[in-house]
Amino acid sequence: MSVLLYDTTLRDGTQSEDISFTVEDKIHVAKLLDEFGIHYIEGGWPGSNPKDIEFFRSIKQHNLKNARISAFGATRRAKLTCDDDPSIQALLESEAPVACIFGKTWDFHVTTALQIELHQNLEIIEDTLAYLKKHVDQVFYDAEHFFDGYKANPDYALQTLQAAKRGGAEYIVLCDTNGGTLPFELGAIIEEVKKQIDTPLGIHCHNDSELAVANSLTAVKHGITQVQGVINGFGERCGNANLISIIPNLKLKMGIDCISDEQLRKLYHVSHSIRELANMAEWKNQPYTGKSAFAHKGGIHVSAILKNPDTYEHIAPEIIGNQRRVLVSDLSGRSNIQYKIEEMGLDIDINDPSVQELVNTIKELENQGYAYEGAEASMELLLQKSRGLVPDYFKLRGYRVIDERREQDKEPISEATVRVEAPNGDTYHTAGLGNGPVDALNTALRKALEQFYPVLNEITLIDYKVRILNTTVGTKAKTRVLIESTDGKTRWTTVGVHNDIIRASYLALVDSIRYKLYKENI
Ligand SMILES: CC(=O)SCCNC(=O)CCNC(=O)[C@H](O)C(C)(C)COP(=O)(O)OP(=O)(O)OC[C@H]1O[C@@H](n2cnc3c(N)ncnc32)[C@H](O)[C@@H]1OP(=O)(O)O
Ligand SMILES: CC(=O)C(=O)O
């Protein structure tokens, strides 16, 4: 059995709150989807807006390898013929080889939304499809609200499908538009449809009951051969069926070879690239492609993973381009540390006393508010320091930070001074201005240290996160600061915790600097 993948990220996905692709973004997404092995890419609704018209004009200049481009539209307006309907004409002008038209199935929608007679809707469906069939290579029909319509009036719902069949639809796609259908209802209804309709069937599910993926897979189990969905499940309200979950489930769990093994390895890349292009926040726990999807934290889990990863993983992460991660925290045992040691390429025996010492230190520090699962550079320093492998690169003799606003209409000024002592005993006294007290402290500290460690000028701070830990004590609360740094080659994250936010930032900054020096073998 084979299943055709129909992606509507560029149409239904853009109905998601906060998503607005440019034409260039849309072209980029289409090319990613094509490489990934998607069979149909719905590029937009040419009757809706100039951006979508431009997309269809522009995509013709790109030679796609796998995918056919589909243009979306509605059945003709009741008062217009297809020749007069601007939306139908825009669809033809798009010159897309595939047209996907949605029409009404639910009698309630016909009388309430379209406000026409039930028989008129049947005529509209049939003649819109028949008209398009004469002009477009392939015509698909999206039966909007099919499952709700069937539950309300099965006879009429099936009549709408018969009309689509008479009109020549190559595929009839059953839509769970409001996302309220349960998998067992959906399966039973599809079985009834198959008794009446011999046109190939597709499925298009929304996620309002968090069942869009389950419903899509159930539909395939009941013989449906086209699955419509959106990358990362983007879409209006709670989103559409998530192709990032559907595809590996079809291939790895149901044995349906919808894309090649090589294409499946791009799953992580496609998911993250399209999320970036959509400018949507990271979904860490996203099944399959989230950063946490194969992240193991509990000591017992990690101990078993080290013996055989199948103990706590449903698939091997590499198959879909993701990777296993082990987190270190106060829920760790020695196995977590052992995993990290191997990951860092260090040669330390699990029975070395430093390992148990590190487990104990981490549990104690986490109790004070430190969090090492996102600050692996600080953890590596802790481990290597306990083994005497991190020198005292410098001593801080003192610092002062001034943050002042001298006049009402002027921006505040932040200034820091630091005194540090180099290993040879020389003392450096520097000052720095900054965009706030932490920035000023960073400038002053780096000015001093770069005089005897020039390599530090490669470091840039790329992220600074502050979390207040015990919020009930107000301004006396403890602060955790996480700093992410890069030297252009790698990125690393360090942590600092203190009652004083400047001191917490200083601790995280100093760990970042020490990590760079340690990695340079200085
Ligand atoms: C389930 C789905 O996801 S369907 C896709 C939904 N997506 C969108 O709506 C995004 C793109 N939409 C648009 O750009 C605009 O809504 C347009 C251009 C299509 C129409 O704009 P307007 O002409 O201003 O109409 P408006 O958006 O106010 O209302 C929609 C009209 O389409 C009609 N309509 C709804 N479904 C259908 C259908 N299947 N076939 C024909 N007409 C339909 C409605 O009855 C309404 O008609 P009315 O103006 O006579 O009351
Ligand atoms: C066609 C469509 O997007 C729907 O019915 O949900």
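Every chain is numbered independently, its residues counted from 1 as its sequence is written. Throughout, the order in which chains and ligands are written sets their labels, letters from A for the former and numbers from 1 for the latter. Per-residue local features of the predicted model are confined to residues with pLDDT of at least 70, and side-chain atom pairs are confined, for both listing and counting, to 80 or more; whole-chain, interface and lining totals are unaffected and use all residues. Heavy atoms from the whole structure form the basis of all side-chain values; hydrogens and water molecules are not counted.

J.: Explain the domain arrangement of the protein to me, please; I cannot follow it from the model alone.
T.: By a widely used convention, the size of an interface equals the accessible area lost when the partners come together. Here the protein is partitioned into domain 1 (4-278), domain 2 (295-368), domain 3 (394-450) and domain 4 (453-522). Note that the domain bounds reflect an automated or database-derived domain assignment. Here domain 2 and domain 4 have C-alpha centroids that lie 23 Å from each other.

J.: I would appreciate a short explanation of the sheet that holds strand S8 (residues 226-229) in the present structure.
T.: The pairing criterion for strands is at least two bridges between them, as found by DSSP. Only DSSP runs of H or I with at least four residues qualify as helices, and only runs of E with at least two residues qualify as strands; both kinds are numbered from the N terminus onward. With parallel pairing, 8 strands are arranged side by side around a closed barrel as S1-S2-S3-S4-S5-S6-S7-S8. Along the sheet, successive strands turn relative to each other by an average axial angle of 25°, direction set aside. Relative to strand S2 (residues 40-44), strand S1 (residues 4-7) runs parallel, the two sharing 2 bridges. By the bridge assignment, tyrosine 6 is partnered in S2 with tyrosine 40. Any two residues whose heavy atoms approach within 4.5 Å are treated as being in contact. As a rule, the C-alpha atoms of each element are fitted with a line to give its axis, helices using only the stretch in contact, and angles between N-to-C directions run from 0 to 180 degrees. In the packing of helix H10 (residues 243-253) onto the sheet, the strands contacted are S1 and S8, and the crossing angle to S1 comes to about 175°.

J.: It is not clear to me how the packing of helix H15 (residues 353-368) against helix H16 (residues 376-386) should be interpreted in this structure. Could you clarify?
T.: For any two helices packed against each other, the geometry comes down to the angle between their axes and how far apart the axes lie. Where H15 contacts H16, the axes come no closer than 10 Å and their chain directions differ by 135°. The orientation of H15 with respect to H16, classified from their angle, is oblique. Between H15 and H16 the crossing geometry is right-handed. Contact residues: Ser354, Glu357, Leu358, Thr361, Ile362 and Leu365 in H15; Met379, Leu382, Leu383 and Ser386 in H16. For this classification, Asp, Glu, Lys and Arg are treated as charged, while Ala, Val, Leu, Ile, Met, Phe, Trp, Tyr, Cys and Pro are nonpolar and the rest, including Gly, are polar. Its residues assigned to classes, the contact of H15 with H16 shows 6 nonpolar, 3 polar and 1 charged. In what follows, roughly perpendicular refers to angles from 65 to 115 degrees, roughly parallel to angles under 35, roughly antiparallel to angles over 145, and oblique to any angle outside these ranges. For a crossing to be left-handed, the near helix must be turned anticlockwise from the far one by less than a right angle; the clockwise case is right-handed.

J.: Teacher, can you tell me more about the site of ligand 1 here?
T.: For ligand 1, the set of nearby residues contains 18 residues, the closest of which are Arg11, Gln15, Ser48, Thr75 and Arg77. Under this definition, polar contacts are N or O atom pairs within 3.5 Å; protein pairs additionally need one hydrogen-donor-capable and one acceptor-capable atom, and for neighbouring residues in sequence, both atoms have to be side-chain atoms. At 2.7 Å, a side-chain N or O of serine 48 approaches an oxygen atom of ligand 1. In the environment of ligand 1, a nitrogen atom lies 3.4 Å from a nitrogen or oxygen atom belonging to the backbone of phenylalanine 102. Residue exposure ignores everything except the shown protein chains as possible cover, and the areas themselves are Shrake-Rupley values with a 1.4 Å probe. In isolation ligand 1 exposes 1000 Å². Once the protein is present, 55% of that is buried. Being near a molecule or strand, for a residue, means having at least one of its heavy atoms within 4 Å of it.

J.: Can you walk me through the pattern of salt bridges in this structure?
T.: In a structure, side chains of opposite charge can pair up when their charged atoms sit close to one another. What makes a salt bridge here is a side-chain nitrogen of Lys or Arg within 4 Å of a carboxyl oxygen of Asp or Glu, nothing more. Within this structure, the stated rule accounts for 33 salt bridges. Salt-bridge contacts for arginine 11 lead to aspartate 12; the nearest nitrogen and oxygen are separated by 3.2 Å. Side by side, arginine 11 and aspartate 12 carry an identical accessibility label, which is buried. Between lysine 340 and glutamate 376 there is a salt bridge, with its nearest N and O atoms 2.9 Å apart. Taken together, the positions of lysine 340 in helix H14 (residues 334-343) and glutamate 376 in helix H16 put the pair 36 residues apart, joining distant regions of the chain. Note on glutamate 376: relative accessible area 30%, which makes it partly exposed. Here's how the labels work: a residue is buried when its accessible area is under 20% of the maximum for its type, exposed when over 50%, partly exposed in between, all with a 1.4 Å probe on protein chains only.

J.: What is the right way to read the site of ligand 2 from this model?
T.: Taken together, Arg11, Asp12, Asp142, Glu144, Cys175, Thr177, His204 and His206 make up the full set of residues adjacent to ligand 2. For ligand 2, an oxygen atom lies 3.1 Å from a polar atom in the side chain of aspartate 12. Within the contact set of ligand 2, an oxygen atom lies 2.7 Å away from a side-chain nitrogen or oxygen of threonine 177. Protein contacts shield 94% of the accessible area of ligand 2, which totals 220 Å² for the unbound molecule. Per-class residue counts for the shell around ligand 2 are 1 nonpolar, 3 polar and 4 charged.

J.: Would you mind going over the UniProt feature "domain: Pyruvate carboxyltransferase" (unreviewed entry) in the protein with me for this structure?
T.: UniProt positions are given in the numbering used here, feature names are shortened, and annotations may be inferred rather than shown by experiment. In this structure's numbering, the residues bearing the UniProt feature "domain: Pyruvate carboxyltransferase" (unreviewed entry) are residues 3-265. End C-alpha atoms of residues 3-265 are separated by 19 Å, and the span's content is 45% helix alongside 17% strand.

J.: I'm lost on a nonpolar patch on the surface in this one. Help?
T.: Judged by side-chain polarity, Tyr464, Val466, Ile468 and Ile501 come together as a nonpolar surface patch covering roughly 310 Å² of accessible area. Position of tyrosine 464 among the secondary structure elements: in strand S14 (residues 460-468). Note on tyrosine 464: relative accessible area 34%, which makes it partly exposed. Here a patch means residues that are over 30% exposed by relative accessible area and free of salt bridges, tied together within 9 Å if like-charged and within 5 Å if nonpolar (Val, Leu, Ile, Met, Phe, Trp, Tyr).

J.: I would appreciate a short explanation of helix H7 (residues 154-167) in the present structure.
T.: Residues spaced three or four apart along an α-helix face the same direction, because each turn holds 3.6 residues. Over its 14 residues, H7 runs 20 Å from end to end, which matches the ideal 20 Å to within 8%, given 1.5 Å per residue. Among all positions in H7, only Tyr156, Ala157, Leu158, Thr160, Leu161, Ala163, Ala164 and Gly167 are buried. Taken from the residues just after H7, glycine 168 is the one with a positive phi, measuring 100°. A helix is expected to span 1.5 Å multiplied by its residue count minus one.

J.: Mind showing me how you'd approach helix H18 (residues 501-519) here?
T.: With 19 residues, H18 extends 27 Å from end C-alpha to end C-alpha; this agrees with the ideal 27 Å at 1.5 Å per step. Between the side-chain oxygen at the start of H18 and the backbone nitrogen of isoleucine 502 there is a gap of 2.8 Å, and the oxygen is on aspartate 500. Among the residues trailing H18, asparagine 521 stands out with phi positive, at a value near 60°.

J.: Is there a simple way to think about the pairing of strand S3 (residues 68-74) in this case?
T.: The side chains of a regular strand alternate between the sheet's two faces. The buried count for S3 comes to 6 of 7 residues, which makes it a mostly enclosed element. As paired strands, S2 and S3 are joined by 4 bridges and run parallel to one another. Bridged to glutamate 42 within S3 is serine 70. Following the chain from S2 across helix H2 (residues 50-59) to the adjacent parallel S3, one finds a crossover that is right-handed. Where S3 meets strand S4 (residues 98-104), 5 bridges bridge the pair, whose relative direction is parallel. Residue glycine 73 lies in a different strand from S4, and its bridge partner there is isoleucine 101. Handedness of a crossover is defined as follows: with both strands directed away from the viewer, a clockwise route from the first strand across the helix to the second makes it right-handed. In the classification by handedness, the crossover that spans S3, the intervening helix H3 (residues 86-93) and the parallel S4 is right-handed.

J.: What is the right way to look at the layout of surface pockets in this model?
T.: Rolled over the atoms, a probe sized like a water molecule indicates the empty space that remains. The definitions used throughout rest on a 1 Å grid laid over the protein atoms alone, on which a cavity is an enclosed set of points accommodating a 1.4 Å probe that cannot get out and a pocket is an open set flanked by protein within 12 Å on both sides along at least five of seven lines; lining residues are those having an atom within 4 Å of a point. Grid points are joined across faces, edges and corners, and a volume is the space filled by probe spheres set on the points. Space inside the largest pocket adds up to approximately 1700 Å³. Considering the residues around the largest pocket, the lining is formed by 44 residues, among which Arg325, Gly374, Glu376, Glu484 and Thr493 are closest to the centre. Elements that contribute at least two residues to the lining of the largest pocket include exactly helix H12 (267-278), H14, H16, S14, strand S15 (479-486), strand S16 (491-498) and H18. Residues belonging to the lining of the largest pocket are distributed by class as follows: 14 nonpolar, 7 polar and 23 charged.

J.: Which parts of the structure should I look at to understand the side chain of glutamate 484?
T.: Looking at the secondary structure, you find glutamate 484 in strand S15. For glutamate 484, the side chain forms a polar contact with the side chain of arginine 491, separated by 3.2 Å. The contacts of glutamate 484, once residues within four sequence positions are left out, are Thr460, Leu461, Ile462, Asp463, Arg491, Trp492 and Thr493.

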